[in-house]
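Observations on the model geometry
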Amino acid sequence: MTSVVLTRRGTALWARIDRPGAGNACDSTVLTGLERWLAAATDPGVRVLVLTGTGRSFCAGADLAEATALLGDLPALLAHLDRGRRLVRALRAAPVPTVAAVNGAAFGGGLELLLGCDIAVAADSARIGDRHLAAGQVPGWGSSVLLPLAVGPALARRLLITGETWSAEESVRRGLVSAAVADDRLVGHVDALAAAVAALDPAAVRRMLTVARPPVAEADWDREWETLTAHVTAQAAARAGTASPPDRHAPGAPTRPDTLDPPPGTEHSRCAP
């Protein structure tokens, strides 16, 4: 049984995260399924990628149970978290347009997946927010980098620091998503959107993506990742009962994420903007 269901709808390839009992949180199986979905974008018959979730959640973010279980193996934990980070960056570098069909709650890493897509359409029942601080965490998959591009720096700081939740209507008003539709119209609306894009000249669409996607400085990605690394290192040290986290530059310190082998199907994410 897969945690991500892939379905062709015309020339669009839909990925549906299918862990409703866990809020569609991203564990290793979900990351593997989404990497496979992204890799399929090289199929010439695929003109659009669509991401959605099962039930009342789009995605609740990283699976905290799996991440907590890895606190005793810090390099493994960082490698796991880096998979999600590179997945979002790969979304931003996909060779075809990407659409988030936000069917329900999108928090933490779910918000970051939404931000990684070119277009986001929300069902009226959707609720969207960062909420990393509510779980005692900090972003690592791009919300501190991408939120300011979507809603401006002032509102991005507000979402990140307060952890407040926006309705679908407010998310449209603030520019976080492009449209809100009735829950029972979400799939049909996105189908029509995908069909309209697929009818356009593919070469022109690819070139449009290079100018439509706002660039992000590598230093901004690095700052977020270094902050997350310091945070989870301190958490791991506290769990182990040590007085202070290890020196990141000492022998045996966690490997920098950019030296880790990329997960299958996401090698192109190294070149993401």
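What you see is a predicted model; the values in this text were computed from it and never measured.

1. Digging into the overall build of the protein chain
- Tallying secondary structure elements over the protein chain gives ten helices and ten strands in all.
- Across the 273 residues in the protein chain, those meeting the buried criterion constitute 49%.
- In the protein chain, 73% of the contacts between residues at least 6 apart in sequence involve partners at least 24 apart.
- Element-wise, carbon and sulfur atoms account for 58% of the exposed surface of the protein chain, whose accessible area totals about 12000 Å².

2. Some words on the sheet that holds strand 3 (residues 48-53)
- Taken in spatial order, the six strands of this open sheet run 1-2-3-5-7-10, and their pairing is mixed. Taken across any chain shown, the strands that pair with only one partner, and hence form the sheet edges, are strand 1 (4-9) and strand 10 (179-181). In this sheet, adjacent strand axes meet at a mean angle of 20° when their direction is disregarded.
- In terms of strand pairing, strand 5 (residues 98-102) meets strand 7 (residues 119-123) through four bridges, oriented parallel. Counterpart to Ala101 in the pairing with strand 7 is Val121.

3. Quick notes on helix 5 (residues 143-151)
- For helix 5, the complete set of buried residues consists of Ser143, Val145, Leu146, Leu147 and Val151.
- Contacts made by the buried residues of helix 5 are with helix 3 (74-92), helix 4 (109-116), helix 6 (153-162), strand 9 (166-167), helix 7 (168-174) and helix 10 (218-240).
- One or two residues past the end of helix 5 sits Gly152, with phi positive at roughly 95°.

4. A few points about the pattern of salt bridges
- Applying the stated rule across the entire model yields 14 salt bridges.
- In this structure, the salt-bridge partner of Asp222 is Arg85, at a minimum N-O distance of 4.0 Å. Taken together, the residues Asp222 in helix 10 and Arg85 in helix 3 connect sequence positions 137 residues apart.
- By relative accessible area, which is 7% here, Arg85 ends up buried.
- Put simply, Arg158 and Glu164 hold a salt bridge, and the shortest N to O gap is 2.7 Å.
- According to the relative accessible area criterion, Arg158 is partly exposed, its value standing at 35%.
- Through salt bridges with shared partners, a single network forms among Asp82, Arg85, Arg86 and Asp222.

5. Overview of helix 1 (residues 28-39)
- The terminal C-alpha atoms of helix 1 lie 16 Å apart, and with twelve residues this matches the ideal 16 Å at 1.5 Å per residue to within 8%.
- Within the span of helix 1, buried status applies to Val30, Leu31, Gly33, Leu34, Glu35, Trp37 and Leu38.
- On the buried face of helix 1, the contacting elements are strand 1, strand 2 (12-17), strand 3, helix 3 and helix 4.

6. Re the pairing of strand 7
- With four of five residues buried, strand 7 lies mostly within the body of the structure.
- Pairing between strand 7 and strand 10: three bridges, direction parallel. Across the sheet, Ala122 pairs through a bridge with Ala180, a residue of strand 10.

7. Thoughts on the environment of Leu81
- Mapping Leu81 onto the fold places it in helix 3.
- If sequence neighbours within four positions are ignored, Leu81 has contacts with Trp141, Trp225, Leu228 and Val232.

Rules used in this analysis
Residues numbered from 1 in each chain as written. Predicted model: local features only at pLDDT ≥ 70, side-chain atom pairs only at ≥ 80, totals over all residues. Heavy atoms only, no water. Helix = DSSP H or I, 4+ residues; strand = E, 2+ residues; numbered from the N terminus. Buried < 20%, exposed > 50% of the residue type's maximum accessible area, 1.4 Å probe, protein only. Contact = heavy atoms within 4.5 Å. Areas by Shrake-Rupley, 256 points an atom, 1.4 Å probe, with all protein chains shown as cover. Pairing = 2+ DSSP bridges. Axes fitted to C-alpha atoms, helices over the stretch in contact; angles between N-to-C directions. Salt bridge = Lys/Arg side-chain N within 4 Å of Asp/Glu carboxyl O. Expected span 1.5 Å × (residues − 1).

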